Amino acid sequence: MSETPAFPLAPAPFAGDSREVDAGACFDWLHQGWAMFLANPGIWIGASILLLVILMAISIVPLFGQIAAHLLIPVFGAGMVQICKRLADGGQPEISDLFAGFRHNAGQLVMVGLFFALAVFSIAFLAFLLVSGGILGGTVTGRVAGFGIAFGGVMLAGLLVLMLSIPVIMATWYAPFLVFLHDMAPVDAMKASFAAGYKNWLAMVIFGIFLVVALFFAMLPLGLGMVLLLPVFSGAVYASYRDIFVGV
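Residues numbered from 1 in each chain as written. Predicted model: local features only at pLDDT ≥ 70, side-chain atom pairs only at ≥ 80, totals over all residues. Heavy atoms only, no water.

This part is about the packing of aromatic side chains. Summed over all chains, the structure comprises 14 aromatic pairs. Measuring from centroid to centroid gives 6.2 Å for Phe 99 and Phe 102, while their planes differ by 45°, and the two rings are tilted. In this structure Phe 102 comes out as partly exposed when scored by relative accessible area, which is 39%. The structure contains a cluster of three or more aromatic residues connected by ring pairs, namely Tyr 174, Phe 177, Tyr 238, Tyr 241 and Phe 245. (Phe/Tyr/Trp six-rings, centres within 6.5 Å; stacked < 30°, edge-to-face > 60°. Buried < 20%, exposed > 50% of the residue type's maximum accessible area, 1.4 Å probe, protein only.)

Structure (structure tokens):
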């Protein structure tokens, strides 16, 4: 005989269910990201400058700094999510919201960062092996044939990096949202994030192309454009999360 349920009934835990949206939705996400920036540009610019300074300071330390930066990206990402959520709920965000990820589910967010860091460094290591192997083979073989072998190694490495990076990005794209806002376990969050990206691959490709182009121009004036790109990008990703995931 089952136990008598206690009232009020606790809501069912968020399962990370997602839906397929139209490919053109990515332009609406970008529009919402820009609108979210205009809602409070001072907080956004302050938080973005602080985040960039912190990440640059951490990354100065050889090797360990790079690893630490990758581990902390989801934690700071959760802080940007908190700013977005406050604005979307009609609240007043603060620059201190950037550190919200350190106050809630920090360990789980770091686990997402650990997966991301391991994946990135593993892909980079495999690419290095292919490139160095191709160059070594080309040196041994000779001029013409050697150039072909070396070039083939570089092309193969680039293709491998692209193919392996896509599932890593898909798995970690929404994971900080799901861990921070819904208390999902890191593995479950990454599975749900991958599923959402798979269902909406065309919208994500268009969105990704736009962001890569925007990133290129943002980096031209000494990277100063990142102060604008980070807020708009964060707001757009938050808009896509609200659009894709069911029941948020």
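Having put the structure on the table, let's press on.
This part covers helix α3 (residues 64–88). An ideal rise of 1.5 Å per residue puts 36 Å on 25 residues; α3 measures up with 36 Å between its terminal C-alpha atoms. By the largest-angle criterion, Leu 72 marks the main kink of α3, which is about 40°, and a proline, Pro 74, follows within four residues. Within two residues after α3, Gly 90 carries a phi angle of roughly 80°, on the positive side. (Helix = DSSP H or I, 4+ residues; strand = E, 2+ residues; numbered from the N terminus. Expected span 1.5 Å × (residues − 1). Bend = angle between axes of the 7 residues up to and from the residue.)

This brings us to the nonpolar core. Residues Trp 29, Trp 44, Tyr 174, Phe 207 and Ile 244 are the most contacted members of the largest nonpolar core, which totals 51 residues. Only α1 (25–39), α2 (41–59), α3, α5 (106–141), α7 (175–182), α8 (186–199), α9 (201–219) and α10 (226–244) provide two or more residues apiece to this core. In terms of residues, this core owes the most to one element, α10, which gives 10 residues. Contacts of Ile 244, omitting those with residues within four sequence positions, involve Asp 17, Ser 18, Arg 19, Val 21, Trp 29, Tyr 174, Ala 196, Asn 200 and Met 204. (Core = buried A, V, L, I, M, F, W, Y, C linked by side-chain atoms within 4.5 Å. Contact = heavy atoms within 4.5 Å.)

In this section: the environment of Leu 30. Inspection of the secondary structure puts Leu 30 in helix α1. By relative accessible area, which is 11% here, Leu 30 ends up buried. Distance in space between the C-alpha atoms of Leu 30 and Leu 211 is 9.7 Å, their sequence separation being 181 residues. Setting aside its immediate chain neighbours within four residues, Leu 30 contacts Phe 207, Phe 210, Val 232 and Ala 236.

Glancing now at the packing of α2 against α10. How two helices sit against one another is set out by the angle between their axes and by the gap between those axes. Direction vectors running N to C along α2 and α10 enclose 110°, while the axes themselves pass 9 Å from each other. If you check the angle between α2 and α10, you find them roughly perpendicular. Facing α2, whose interface residues are Trp 44, Ile 45, Ser 48, Ile 49, Leu 51 and Leu 52, α10 presents Met 226, Val 227, Leu 230, Pro 231 and Ser 234. Across the contact of α2 with α10, the residue classes break down as nine nonpolar, two polar and no charged. (Axes fitted to C-alpha atoms, helices over the stretch in contact; angles between N-to-C directions. Parallel < 35°, antiparallel > 145°, perpendicular 65-115°, else oblique. Nonpolar A, V, L, I, M, F, W, Y, C, P; charged D, E, K, R; others polar.)

On inspection of all chains with the given rule, the structure shows three salt bridges. Residues Lys 85 and Asp 89 are paired through a salt bridge, measuring 2.9 Å at the closest nitrogen-oxygen approach. For Lys 85, a relative accessible area of 30% translates into the label partly exposed. For Arg 86, the salt bridge goes to Asp 97, with nearest N and O atoms at 2.8 Å. Separated by 11 residues along the polypeptide, Arg 86 in helix α3 and Asp 97 in the loop between α3 and α4 (100–103) bring together distant segments of the chain. The exposure class of Asp 97 is buried, given its relative accessible area of 2%. (Salt bridge = Lys/Arg side-chain N within 4 Å of Asp/Glu carboxyl O.)

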